[in-house]
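Single-letter residue listing:
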Amino acid sequence: MSTCHSYAALHSLTLCFGLWLLACSKPTSGFPVCLVTNPGFADCDPTANTSTYKGYDVDLVRWAAEEIGWKEMPGPPGPNDTHPLDSFYFVCGTRRVAATVDILISNNTFNVCGIGAGAFTISKARIDIGARFSYPYFRTGLGIMASGSQQVTYSPWAFLKPFHYSIWVAMLLTVLFVPGLVWLVENLVRNGSVPCGLNSLHEWRHASYTTILSVFNLDVLAVLSLPAQIIIITFLFLNLVMVSTYTANLAAALTNQAAQSGINSVSDLRARNVAAHALYVERLRKNDFISASPLTWNGSQTFLEVSDKLNKGQLDAYIFDKPILEWWMGYYDKDCSLKFVGDYIEPFDYGISFHKDMPQRMVDDFNKQVLVAQSSKVL
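Residues numbered from 1 in each chain as written. Predicted model: local features only at pLDDT ≥ 70, side-chain atom pairs only at ≥ 80, totals over all residues. Heavy atoms only, no water.

Quick look at the side chain of S134
The topology assignment puts S134 in the loop between β5 (132-133) and β6 (138-147). Classification of S134 by relative accessible area gives buried; the value is 4%. (Helix = DSSP H or I, 4+ residues; strand = E, 2+ residues; numbered from the N terminus. Buried < 20%, exposed > 50% of the residue type's maximum accessible area, 1.4 Å probe, protein only.)

A look at the pattern of salt bridges
Using the criterion set out here, one finds 11 salt bridges in the structure. When the shortest N-O distance is used, the salt bridge between E72 and R62 registers 3.2 Å. Of the two residues, E72 sits in strand β2 (residues 71-72) while R62 sits in helix α2 (residues 56-68), which places them 10 residues apart along the sequence. Among the ionic pairs, R283 bridges to E346, the shortest N-O distance being 2.8 Å. Taken together, the residues span a long stretch of sequence, with R283 in helix α8 (residues 278-288) and E346 in strand β11 (residues 345-354) at a distance of 63 residues. Salt bridges here are not isolated pairs; linked through shared partners, they connect E282, R285 and K286. (Salt bridge = Lys/Arg side-chain N within 4 Å of Asp/Glu carboxyl O.)

Structural notes on a nonpolar patch on the surface
A contiguous nonpolar patch, built from Y165, V169, L172, L173 and L176 and spanning about 550 Å² of accessible area, is present on the exposed surface. Note on placement: Y165 falls in helix α5 (residues 165-191). You can call Y165 exposed: its relative accessible area is 60%. (Patch = residues over 30% accessible without salt bridge, like charges linked within 9 Å, V, L, I, M, F, W, Y side chains within 5 Å. Areas by Shrake-Rupley, 256 points an atom, 1.4 Å probe, with all protein chains shown as cover.)

Some details on unusual backbone geometry
The residue F289 is not glycine, and still its phi comes out positive at about 55°. Following the sequence through the fold, F289 ends up in the loop between α8 and β8 (292-294). A positive phi angle is found at E346, which is not glycine, with a value near 50°. Among the residues examined, E346 registers a relative accessible area of 12% and is labelled buried.

As for the side chain of D316
The topology assignment puts D316 in the loop between α9 (300-311) and β9 (317-321). Residue class for D316 comes out buried when judged on its relative accessible area of 16%. Of note is the side chain of D316, whose polar atom sits 3.4 Å from the side chain of R272. Ignoring anything within four residues of it in the chain, the contact list for D316 reads M145, A146, I263, R272, N273 and L310. (Polar contact = N/O pair within 3.5 Å; in protein donor to acceptor, adjacent residues only side chain to side chain. Contact = heavy atoms within 4.5 Å.)

A few points about the environment of L315
Looking at where L315 falls in the secondary structure, it is placed in the loop between α9 and β9. Relative accessible area serves as the criterion here: at 7%, L315 is assigned to the buried category. Along the chain, L315 and A275 lie 40 residues apart, while their C-alpha atoms are 7.6 Å from each other.

Focus: the pairing of strand β4 (residues 115-122)
Burial runs high along β4: 8 of the 8 residues are buried. With 5 bridges connecting them, β4 and β11 associate as antiparallel partners. Bridge pairing in β11 places F120 opposite G351. (Pairing = 2+ DSSP bridges.)

A short note on the state of the cysteines
A complete count under the given rule lists 2 disulfides for this structure. Put simply, C34 and C113 are joined by a disulfide, and their sulfur atoms are 1.9 Å apart. Negative torsions about the S-S bond denote left-handed disulfides, and the value of about -105° found for C34 with C113 makes this one left-handed. Placement of the pair is C34 in strand β1 (residues 29-35) and C113 in the loop between α3 (97-104) and β4, with a sequence separation of 79 residues. You'll find C34 and C113 in the same group, each marked buried. A disulfide bridge connects C44 with C92, and the sulfur atoms are separated by 2.1 Å. (Disulfide = S-S within 2.5 Å.)

Digging into the packing of α9 against helix α10 (residues 322-332)
Between α9 and α10, the shortest axis-to-axis distance is 11 Å and the interhelical angle comes to 70°. As judged from the angle between their axes, α9 and α10 are roughly perpendicular. Contacts between α9 and α10 involve S300, F303 and L304 from the first element and L325, W328, M329 and Y332 from the second. Partitioning the contact of α9 with α10 into residue classes produces 6 nonpolar, 1 polar and no charged. (Axes fitted to C-alpha atoms, helices over the stretch in contact; angles between N-to-C directions. Parallel < 35°, antiparallel > 145°, perpendicular 65-115°, else oblique. Nonpolar A, V, L, I, M, F, W, Y, C, P; charged D, E, K, R; others polar.)

Structural notes on the nonpolar core
Core analysis: the largest hydrophobic core is formed by 60 residues, its most contacted members being F31, L35, L284, I319, I352 and F366. In this structure, L35 is in contact with A42, C44, Y53, V58, F90, V91, C92, G93 and A117, ignoring residues within four places of it in sequence. Among the nonpolar cores identified, the runner-up in size contains 11 residues, and C34, V101, F120 and F133 belong to it. (Core = buried A, V, L, I, M, F, W, Y, C linked by side-chain atoms within 4.5 Å.)

Points about the packing of α2 against helix α11 (residues 360-375)
Following both chains from N to C, one finds α2 and α11 inclined at 110°, their axes separated by 9 Å at the closest point. The orientation of α2 relative to α11 falls into the category roughly perpendicular. Here α2 contributes L60, V61, W63, A64, E67 and I68 to the contact with α11, which in turn contributes D365, F366, Q369, V372 and A373. Of the residues in the contact of α2 with α11, the class split is 8 nonpolar, 1 polar and 2 charged.

Some remarks on the packing of aromatic side chains
With the rule as written, the count across this model stands at 26 aromatic pairs. With 5.9 Å between their ring centres and 75° between their planes, W168 and Y246 make a pair best called edge-to-face. Here W168 is found in helix α5, whereas its partner Y246 is found in helix α7 (residues 226-260), with 78 residues between them in sequence. For W168, a relative accessible area of 26% translates into the label partly exposed. For the ring pair W327 and W328, a centre distance of 4.9 Å and an interplane angle of 80° mean the geometry is edge-to-face. Judged by relative accessible area, W328 falls into the buried class, the value being 11%. Joined through ring pairs, the aromatic side chains of F31, W70, F88, F90, F110, F354 and F366 make up one cluster. Note that K334 overlies the ring of Y331, its terminal NZ or CZ placed 5.9 Å from the centroid. (Phe/Tyr/Trp six-rings, centres within 6.5 Å; stacked < 30°, edge-to-face > 60°. Lys NZ or Arg CZ within 6 Å of the ring centre and 35° of its normal.)

As structure tokens, then:
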């Protein structure tokens, strides 16, 4: 009998100890919802009252919490305050999404961030490192921001570009040489000699002038000897080839210059100076063959830096979440110097991120409300 009592006492003691550990392992004074400032999704001021916080994610958390029965606190609880686990309060910090995710997947940080909100991209890379997300609530993709005021500038010497300088020299020498050759051959064949004197110099100059006019179909060379006629025909054929080649090369050069000056599609980004958020660099390389330099997003500071480089031609394009770029473009780009290329690429979803220690029942409750909000057109 005493043995049974001993086992019962030991079992009760073990159960109490387990319950004590469970209670100690989870906070009993509510949890913080860490907001990452992204206009339109989470707008907040750390110095202002949490009731002024607004945005897509803030409204979603508040709506779901009200439906579930979670209680919003006006701020962090005091050292002696005790609240149920399903109480929460908003925290407006300076951390970006990546830094907040690092906290959410770390041990013993539930009291730092229980939930992360503010345009958190759901990605395989983040899930692989242990990040937990709600059901997607916003479908979007990457926007390609480029300069919208790129002007095509042409050099006054652009007409010389179709040919190498050696070709121009050869053409000039040919124009000077052929008239003299025609005059020389014509006199040798017809008269058997080459006249020497002041009159002959005048005849040679006239022959040169007439030959040049014949190139533009403004005169006809009146030569009678067959060798001179063959020379003229060969010369005119050569001019026809050179004019055709020049026209084609000039058109190609000007077209290429105009095409290279702007970005009109994703394919134009290949082999160009492109920057993107570090999270998307590898994805762009694999899926779109775009080699982008990583440039971490830090809000308005990054937007102003990127827009300045785009307008100065130091950067061809910047790739980041389109809705966030759209907001900052509308706020800062008053002269419409920037543009989006197409709609968006590489579609992805936004979700609310949960701490690794968040009880699964609370995550399930929140996900249920996301589905309810979508089906009832609250979202």
